[in-house]
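Chain by chain, the residues:
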Protein chains: 2
Amino acid sequence: MTGEDSAGRRRRGPSMADVARMAGVSGQTVSRVANGRNNVDAATRDRVRAAMSQLGYRPNSAARALRNGEYRSIGVIVFELHSFGTTRTLDAIATAATISGYAINLVPVLDVSQSAVTNAFTRLGEQAVDGVIILIEAHTLDEAGVRLPDGLPVVVVDSSAHYDFPIVDTDQRQGARLATEHLLNLGHATVWHLGGPPTSFAADRRRQSWEQTLIDHGREVPPVYDGDWTAGSGYEAGRQLAAKAEVTAVFVANDQMALGLLRALHERGRAVPGEVSIVGFDDMEEAAHFWPPLTTIRQNFVDVGRLSVDALIQEIQAGEHHHEPVAVAAKLVHRSSTAPPPPSASGG
Amino acid sequence: MTGEDSAGRRRRGPSMADVARMAGVSGQTVSRVANGRNNVDAATRDRVRAAMSQLGYRPNSAARALRNGEYRSIGVIVFELHSFGTTRTLDAIATAATISGYAINLVPVLDVSQSAVTNAFTRLGEQAVDGVIILIEAHTLDEAGVRLPDGLPVVVVDSSAHYDFPIVDTDQRQGARLATEHLLNLGHATVWHLGGPPTSFAADRRRQSWEQTLIDHGREVPPVYDGDWTAGSGYEAGRQLAAKAEVTAVFVANDQMALGLLRALHERGRAVPGEVSIVGFDDMEEAAHFWPPLTTIRQNFVDVGRLSVDALIQEIQAGEHHHEPVAVAAKLVHRSSTAPPPPSASGG
DNA sequence: ACACGCGATGTTGACGTCAACATCGACGGC
DNA sequence: GCCGTCGATGTTGACGTCAACATCGCGTGT
């Protein structure tokens, strides 16, 4: 009754054999019913179904996985759920995987240390997964000198191109260019940059693309300020930026840091967008309600999640890598944090 | 070499038998080495280890689960990763489970419909899990008329008490009282409330506790405004609140809605905390960088996650339910969004 | 009436692991 | 020198499922 035997030990649930006995059929017929095969007599099927629900039968996925040689499960290795982008991508991955009939096995990296990463990968090797999506920033991977189990399909999100794995990611370059050109088009002489941590490839690419865009337009490239994606780090860098009168436009590598910068600007009494224009990156839900509402680059996390799952499943089922990275386009969402520069700053 | 056989099908990895053959021992000895038993000769162990790494052996967790009758995995059923609290709790659960040697199986509910919830629970029954943590709001559960597989240990986070499952949650009542009394102590005549959706038990409790605190202090209870946890809904409700001159203090049921309210107040030109004081709930990382930085109630998500995992594992391993809900204390974090009421409003 | 086909159902064995039991050899005590 | 013991290793079988093959009975065509 309670799922325990007289000794108080956990008892296994009913198996096909139990259902078969109760329904007066063979185990194989139960299997056929459980798997929706249609070559079973209707009356028999009903009898089996009745026995199943009466016994509370549920298929043993371990036995099924062992027999079939596949788990129908994919591992997702994440570093932290603090970052908005990671969380959103994970959400999209989970949804896409579920729709495709795969379960999600979440493998957290417990801290930043190299051994924690190595540990996570070791655990991963022992998990019941058919493939892996790596959501941690790739430099961390490098440092850990990670060796994944051979023959385990892998897809990487947010990575450099020098891995031998398929890559799916937002088109960071295009997004950063969009942000930078938006500010330039408004008439700003140049655009400052508050970047993400050097350990992130995404941050790297946004910074590079911002710089290249400035160069393409023949503008001066101001020094870069680095944060670590958090609002706190945006605030710290923001205090320095806010103190510089010549700063009229800033492209911030994510919305959370932009929030910190906004606070620093408010504290200093510099008007946004009156004196300084700001563009973020991500379009987190809150960005529309920052003060002022933030102009930002919207990432299409749903597509990133779906495409990475699709690529992984293809690899699992067909054994095919395809090596050209998949880049998902971003787009600019114009709100109130950007405007033309103040007249006094028009010359640069 | 590539993990496929000549027909292009996925080939299973090497098994214990393969390792045993290469090392010239029996499968059982390989098993002993793999499980760290110490009754194996050092030289033999080395030989087995060498064979393992040369073949790229990794234990088949399906076979192990089948043999041992346990998966060492817990399912977490979540509705959405958009809400800050859910995400943070999931993170803490994943960490705690990993430390305890359990894997995490993420089971998303694809949409709000009843069938989606039922679907998710059905899927759950077929997952390779020893137990389940339910992270969705409990009213949704109710509506779905959910029947969980019998004998599967369950722990619920954020739920009413009328389930026969162990419950772990933040002490919503205590947190809401803290918030309300903080504002009262500053001298506000009464405190308005911007609550969460009626479908959430957490929102319910925060509202009830706010009301009770007001009554306990002999204050008037203003009408409640409801949001749905999002900044957008906070903004909508906030526009109404901002229009009322008599509002000097608002307790908002989460930080995201507080952000929306802040925006509405700014748009209307009402100073925070000069004219209106605001307290949020959650203490999301960004709250410290809102404008102004938000006074809020900090939830201890780490403890909630850890305690729910501990409770579940105890249930799994010992078969013991313990029915008193576990309440994790919250605490007030005082920042700049609260101050005494303006002199003009002192009388109420 | 008989062979044949076909649909419904049953039987067998293998997936990889590990507990329980069996075996074997070395060493110490008397 | 014989027996008992203990440590290292091997052998067997069972966990639950499902593909492959076997069987059985009924209807159809000639």
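Residues numbered from 1 in each chain as written. Chains lettered and ligands numbered in written order. Predicted model: local features only at pLDDT ≥ 70, side-chain atom pairs only at ≥ 80, totals over all residues.

Chain A carries the name LacI family DNA-binding transcriptional regulator in an unreviewed UniProt entry, which gives Kribbella sindirgiensis as its organism.

Quick look at the interface of chain A and chain B now. Contacts between the two partners involve 52 residues from chain A and, on the opposite side, 52 residues from chain B. If you list the elements that add at least two residues to the side of chain A that touches chain B, you get α4 (61-68), α5 (84-99), β2 (103-108), α6 (114-126), α10 (231-243) and α11 (255-268) of chain A. For the side of chain A that touches chain B, a count of residues per class yields 21 nonpolar, 21 polar and 10 charged. In terms of strand pairing, β2(A) meets strand β2 (residues 103-108) of chain B through 3 bridges, oriented antiparallel. Bridging across to β2(B), L106(A) finds its partner in I104(B). (Contact = placed C-beta atoms within 7 Å. Helix = DSSP H or I, 4+ residues; strand = E, 2+ residues; numbered from the N terminus. Nonpolar A, V, L, I, M, F, W, Y, C, P; charged D, E, K, R; others polar. Pairing = 2+ DSSP bridges.)

Each strand in a sheet pairs with its neighbour through backbone hydrogen bonds, running either in the same direction (parallel) or in the opposite one (antiparallel). Residues and elements named next belong to chain B. Taken in spatial order, the 6 strands make up an open sheet running β7-β6-β8-β9-β10-β12, and their pairing is mixed. Only two strands of the sheet have a single neighbouring strand rather than two, namely β7 (224-226) and β12 (331-333). Put simply, the sheet's adjacent strands are angled 20 degrees from each other on average, direction ignored. Where helix α8 (residues 172-185) meets the sheet, its contacts fall on β8 (249-252), β9 (277-282), β10 (295-298) and β12, and the angle it forms with β9 comes to roughly 165 degrees. This element, helix α10 (residues 231-243), spans β6 (192-195), β7 and β8 of the sheet and lies at about 160 degrees to β6. (Axes fitted to C-alpha atoms, helices over the stretch in contact; angles between N-to-C directions.)

A word on the relation of the copies chain A and chain B. Laying chain A over chain B is done by rotating through 180 degrees and shifting 0.0 Å along the axis; what remains is an RMSD of 0.1 Å. As the rotation angle and translation indicate, the two copies are arranged about a two-fold axis. Of the interface residues in chain A, 100% have counterparts in chain B that sit at the interface too, so the contact is made through matching surfaces. (Least-squares fit on C-alpha atoms with pLDDT ≥ 70 in both.)

Turning our attention to the protein's contact with DNA strand C. Near DNA strand C lie 26 residues; those nearest to it are S26(A), Q28(A), D41(A), M16(B) and N60(B). Elements that contribute at least two residues to the surface near DNA strand C include exactly α2 (27-34) and α4 of chain A together with α2 (27-34) and α4 (61-68) of chain B. In terms of residue count, α4(B) provides more of the surface near DNA strand C than any other element does, 5 residues in total. Class assignment for the residues of the surface near DNA strand C results in 8 nonpolar, 13 polar and 5 charged. (Near = placed C-beta within 6 Å.)

Now for the protein's contact with DNA strand D. Around DNA strand D there are 26 residues in total, and M16(A), N60(A), S26(B), Q28(B) and D41(B) lie nearest to it. When residues of the surface near DNA strand D are traced back to their parent elements, those giving at least two are α2 and α4 of chain A together with α2 and α4 of chain B. In terms of residue count, α4(A) provides more of the surface near DNA strand D than any other element does, 5 residues in total. In terms of residue class, the surface near DNA strand D is built from 8 nonpolar, 13 polar and 5 charged.

Residues and elements named next belong to chain B. In the contact formed by α10 and helix α11 (residues 255-268), the axes pass within 7 Å of each other and the chain directions differ by 40 degrees. In terms of orientation, α10 and α11 fall into the oblique class. Relative to α11, the crossing made by α10 is right-handed. Residue-level inspection shows A231, G232, S233, G234, Y235, G238, R239, L241 and A242 of α10 in contact with α11, the latter providing Q256, M257, A258, L259, G260, L261, R263, A264, L265 and R268. (Parallel < 35°, antiparallel > 145°, perpendicular 65-115°, else oblique. Left-handed = near helix turned anticlockwise from the far one by under 90°.)

The subject of this paragraph is the sheet that holds strand β5 (residues 167-170) of chain B. Spatially, 12 strands are ordered β11(A)-β5(A)-β4(A)-β3(A)-β1(A)-β2(A)-β2(B)-β1(B)-β3(B)-β4(B)-β5(B)-β11(B) in an open sheet, and the strand pairing comes out mixed. The two strands at the open ends of the sheet, each matched to only one other strand, are β11 (326-328) of chain A together with β11 (326-328) of chain B. Averaged over all neighbouring strand pairs, the angle between strand axes comes to 25 degrees, with direction disregarded. In the sheet, β5(B) pairs with β11(B) via 3 bridges, with the strands oriented parallel.

Here we take up the pairing of strand β3 (residues 131-134) of chain A. Residues and elements named next belong to chain A. Neither face of β3 is open: one carries G131 and I133, the other V132 and I134, and all of them are buried. Pairing of strand β1 (residues 73-78) with β3, which is carried by 4 bridges, proceeds in the parallel orientation. Counted as the bridge partner of V76 is I133 from β3. Summarising the sheet, β3 and strand β4 (residues 154-157) pair through 3 bridges and their orientation is parallel. When the bridges of β4 are listed, I134 appears paired with V156. (Buried ≥ 20, exposed ≤ 12 C-beta atoms within 10 Å, placed from the backbone.)

Turning our attention to the UniProt feature "domain: HTH lacI-type" (unreviewed entry) in chain A. Cross-referencing UniProt, the feature "domain: HTH lacI-type" (unreviewed entry) maps to residues 14-68 of chain A in the present numbering. Annotated as residues 14-68 of chain A, this span is 69% helix and 0% strand, and its ends, taken at the C-alpha atoms, are 20 Å apart. (UniProt positions renumbered as here; feature names shortened; annotations may be inferred.)

Counting 100 residues, the largest nonpolar core has V76(A), I77(A), I133(A), V76(B), I77(B) and I133(B) as the members making the most contacts within it. Judged by nonpolar contacts, the second largest core, of 92 residues, contains V252(A), A288(A), A179(B) and I278(B). (Core = buried A, V, L, I, M, F, W, Y, C linked by C-beta atoms within 7 Å.)

Residues and elements named next belong to chain B. Here α2 crosses helix α3 (residues 42-55) at 90 degrees, and the two axes come no closer than 10 Å. In terms of orientation, α2 lies roughly perpendicular with respect to α3. Along its contact with α2, which presents T29, V30 and V33, the element α3 presents T44, R45, V48 and R49. Of the residues that constitute the contact of α2 with α3, the class distribution is 3 nonpolar, 2 polar and 2 charged.

This brings us to unusual backbone geometry. V272(A) connects to P273(A) through a cis peptide bond whose omega is 5 degrees. Tracing the chain through its elements places P273(A) in the loop between α11 and β9 (277-282). A cis amide bond links W291(A) with the next residue in sequence, P292(A), at an omega value of -5 degrees. Mapped onto the secondary structure, P292(A) falls in the loop between β9 and β10 (295-298). For R72(B), which is not a glycine, the phi torsion comes out positive at approximately 55 degrees. As for its placement among the helices and strands, R72(B) is situated in the loop between α4 and β1 (73-78). Here R72(B) falls in the buried class, since 20 other C-beta atoms lie within 10 Å of it.

This next bit is on the pairing of strand β6 (residues 192-195) of chain A. Residues and elements named next belong to chain A. Residue alternation in β6 divides its side chains into two sets, W192 and L194 and H193 and G195, and both sets are buried. Where β6 lies against strand β8 (residues 249-252), 3 bridges are found, and the strand directions are parallel. Looking across to β8, one finds that W192 is bridged to V250. Examined bridge by bridge, β6 and strand β7 (residues 224-226) share 3 bridges and lie parallel to one another. Directly across from H193, in β7, lies its bridge partner V224. With helix α9 (residues 201-216) bridging β6 and its parallel neighbour β7, the resulting β-α-β unit is right-handed. (Right-handed = clockwise from strand over helix to strand, strands pointing away.)

Residue and element names in this part refer to chain B. Relative to the helices and strands, T89 is located in helix α5 (residues 84-99). Between the C-alpha atoms of T89 and S308, which are 219 residues apart in sequence, the distance is 9.8 Å. Other than its neighbours up to four places away in sequence, T89 contacts L135, V157, F301, V304 and G305.

Residues and elements named next belong to chain B. With 14 residues, α8 should reach 20 Å at 1.5 Å per residue; the first-to-last C-alpha distance of 20 Å fits that figure. Along α8, the positions that sit buried rather than exposed are Q172, G175, A176, L178, A179, T180, H182 and L183. Looking at the buried residues of α8, the elements they touch are β5, α9 (201-216), β8, β9, β10 and β12. Of the residues flanking the end of α8, it is G187, one or two places downstream, whose phi is positive at about 110 degrees. (Expected span 1.5 Å × (residues − 1).)

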